[in-house]
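Overview (structure and organization)
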Amino acid sequence: MNLKSGNMEQFKSFSQFKNLQAFNAHIEMWLAVHKDKITKGELVGLKRLIRFAAKVPGVCNAKIGTVLKAIHEEYGGNGISRSTFKRMVAKVSAIGILTVYETERKNGSQSSNLYVFNRFPSSEPPKEERMNSLNKTSNLSKTIIKDTN
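Residues numbered from 1 in each chain as written. Predicted model: local features only at pLDDT ≥ 70, side-chain atom pairs only at ≥ 80, totals over all residues. Heavy atoms only, no water.

The subject of this paragraph is the overall build of the chain. When you go through the chain residue by residue, the secondary structure sums to 5 helices and 4 strands. Ordering the α and β elements of the chain from the N terminus gives β-α-α-β-α-α-β-β-α. Going through the 149 residues of the chain one by one, you find that 34% of them count as buried. Accessible surface, the chain as shown: approximately 10600 Å² in total, 51% of it carbon and sulfur. (Helix = DSSP H or I, 4+ residues; strand = E, 2+ residues; numbered from the N terminus. Buried < 20%, exposed > 50% of the residue type's maximum accessible area, 1.4 Å probe, protein only. Areas by Shrake-Rupley, 256 points an atom, 1.4 Å probe, with all protein chains shown as cover.)

Our next topic: the pairing of strand β4 (residues 110-117). A large share of β4 lies buried, amounting to 7 of its 8 residues. As defined by bridge partners, strand β2 (residues 59-60) adjoins β4 across 2 bridges and the pair is classed as antiparallel. Opposite Val59, over in β4, you have Val116 as the bridge partner. With 6 bridges connecting them, strand β3 (residues 98-104) and β4 associate as antiparallel partners. Along β4, the bridge assignment pairs Val100 with Tyr115. Turn length for the β3-β4 hairpin, with the two strands adjacent in sequence and antiparallel, is 5 residues, and the turn residue Gly108 shows positive phi of about 100°. (Pairing = 2+ DSSP bridges.)

To continue, consider the environment of Thr84. In this structure, Thr84 sits in helix α4 (residues 82-95). Residue classification places Thr84 among the buried positions, given a relative accessible area of 13%. For the pair Thr84 and Leu43, spaced 41 residues apart in the sequence, the C-alpha separation amounts to 9.9 Å.

Moving on, we come to the sheet that holds β4. Read across the sheet, 4 strands follow the order β1-β3-β4-β2 without closing on themselves; strand pairing throughout is mixed. Edge positions in the sheet fall to β1 (3-4) and β2, since each has one partner strand and no second. Packing of helix α2 (residues 40-52) onto the sheet brings it into contact with β2, β3 and β4, and relative to β4 it is tilted by some 90°. (Contact = heavy atoms within 4.5 Å. Axes fitted to C-alpha atoms, helices over the stretch in contact; angles between N-to-C directions.)

One can describe the packing of helix α3 (residues 64-74) onto α4 by two numbers: an axis separation of 10 Å at closest approach and a directional angle of 115°. As judged from the angle between their axes, α3 and α4 are roughly perpendicular. Helix-helix and strand crossings are classified by hand; for α3 and α4 the assignment is right-handed. Contact with α3, carried on its side by Ile64, Gly65, Val67 and Leu68, involves Arg82, Phe85 and Lys86 of α4 and no other residues of that element. Broken down by class, the residue content of the contact of α3 with α4 amounts to 4 nonpolar, 1 polar and 2 charged. (Parallel < 35°, antiparallel > 145°, perpendicular 65-115°, else oblique. Left-handed = near helix turned anticlockwise from the far one by under 90°. Nonpolar A, V, L, I, M, F, W, Y, C, P; charged D, E, K, R; others polar.)

Now for the confidence of the model for the chain. Looking at the chain as a whole, its pLDDT mean stands at 82, while 77% of the residues score no less than 70. Element-level mean pLDDT values for the chain span from 51 in helix α5 (residues 128-131) up to 94 in α4. (pLDDT = per-residue confidence, 0-100.)

Counting 26 residues, the largest nonpolar core has Leu46, Leu49, Phe85, Tyr115 and Phe117 as its most contacted members. If near-sequence neighbours (up to four positions away) are discounted, Phe85 is found in contact with Gly45, Leu49, Ile64, Val67, Leu68, Ile80 and Tyr115. Judged by nonpolar contacts, the second largest core, of 7 residues, contains Phe11, Phe14, Val56 and Val59. (Core = buried A, V, L, I, M, F, W, Y, C linked by side-chain atoms within 4.5 Å.)

Attention shifts here to the packing of α2 against α3. Where α2 contacts α3, the two axes come as close as 10 Å, and the packing angle between them is 110°. By the criterion of interaxial angle, the relationship of α2 to α3 is roughly perpendicular. Crossing angle aside, the handedness with which α2 passes α3 is right-handed. Where α2 approaches α3, its residues Val44, Gly45, Arg48, Leu49, Arg51 and Phe52 are matched on the opposing element by Thr66, Val67, Ala70, Ile71 and Glu74. Split by residue class, the contact of α2 with α3 holds 6 nonpolar, 2 polar and 3 charged.

The structure is reproduced here in structure tokens:
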């Protein structure tokens, strides 16, 4: 897919959320389940990327350098490295939180990535066949109860 970089408004069709509240609710569900798989530094990068995805809920087109600069400013010069950010992107993409699309400039060279946050998968009710199945149990060992009077 050859996406051209440009105005954020052109990427509205990539958003999977109706509004910012729905986006935040899905992010909270993702983090509740998968936060233990993400290191502190990666979490800092993810949270900053989430903040950049507020204009169009769930879609961010910021350069890695821009995100890292914002992190360094927020933490007084103590931020995360570029490799930590890239490792976080790879990790959360593998989990399913994020989908990354490459964009290109008019001359064909690569531009900033388009980060699209995914909806948390809703749990489906179990199939009816499984719900109505009867489990057969057998009591192989009988317990002898002695009266201790």
